[in-house]
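So you can see what is in the structure, the chains are spelled out below.
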Amino acid sequence: MNAANVDALYQEIILDHYKNPQGEGLRDDFDTEVHHVNPTCGDEITLRVDLDGDIVKDVSYAAEGCSISQASASVMYELVHGKTVAQAFAILDEFHAMMQSKGQIEPNEDVLEDAIAFAGVAKFPARVKCALLGWMAWKDATSAALSLKEQEQS
Ligand code: ZN
């Protein structure tokens with residue numbers, strides 16, 4: 001595919017997640033809840049993480065804001081739920097590196113799946129925070145859930 005076709009495909013993936021957000025809604029079973037905002041764009045997310053041992057059993061969220069931030073939360077849900085915490089953090093690292101690369105990193109589709117659609121967004125510094133909002137909320141909530149479980153065990 002040429003570059004224009006790739007851009008169109010990426011936009012379609014983002015639009016699709018925006019219109020049909022996966023895993024959306026706040027569910028009652030959770031370990032930790034966080035609220036993150038991206039003031040530069042006005043995006044907000046409330047996100048809950050439910051860990052079962054080292055498995056990310058569920059991530060539930062309510063997101064408001066631009067299509068990129070909402071679509072990114074949907075993709076994040078798809079990629080991390082059901083994975084081990086270690087696997088999910090590895091995907092986060094890959095996504096974070098791509099978003100910080102200003103479009104210079106060739107994204108690894110095997111790891112990122114639909115999240116490669118945000119490769120184009122990485123070229124626009126103002127939108128990078130939109131794409132990272134849900135992921136950073138997940139990281140924050142998961143880190144808090146892990147330390148909570150450590151405290152319970154000691
Ligand atoms: Zn935004």
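To start, this report covers the structure provided alongside it. (Residues numbered from 1 in each chain as written. Predicted model: local features only at pLDDT ≥ 70, side-chain atom pairs only at ≥ 80, totals over all residues. Heavy atoms only, no water.)

### Some details on the coordination of the zinc ion
No. 1: For the zinc ion, every protein donor is listed as Cys41 (SG), Asp43 (OD), Asp43 (OD), Cys66 (SG) and Cys130 (SG), and the spread of their distances is 2.1 to 2.8 Å.
No. 2: Sequence positions of the residues that donate to the zinc ion give the spacing C-x1-D-x22-C-x63-C. With a gap of 25 residues between them, Cys41 in the loop between strand E1 (32–38) and strand E2 (43–52) and Cys66 in the loop between strand E3 (55–64) and helix H2 (67–80) connect regions that are remote in the sequence. (Donors = N, O, S within 2.8 Å, 3.2 Å for Na, K, Ca; no water. Helix = DSSP H or I, 4+ residues; strand = E, 2+ residues; numbered from the N terminus.)

### Comments concerning the sheet that holds E1
No. 1: The antiparallel open sheet is built from three strands, whose spatial order is E1-E2-E3. Both edges of this open sheet fall to E1 and E3, since each of them pairs with a single strand only. Taken pair by pair, the neighbouring strands of this sheet meet at an average axis angle of 20°, ignoring direction.
No. 2: Relative to E3, E2 runs antiparallel, the two sharing nine bridges. For Leu51, the partnering residue across the bridge sits in E3 and is Val56.
No. 3: Packed onto the sheet, H2 meets E2 and E3 and runs at close to 170° relative to E3. (Pairing = 2+ DSSP bridges. Axes fitted to C-alpha atoms, helices over the stretch in contact; angles between N-to-C directions. Contact = heavy atoms within 4.5 Å.)

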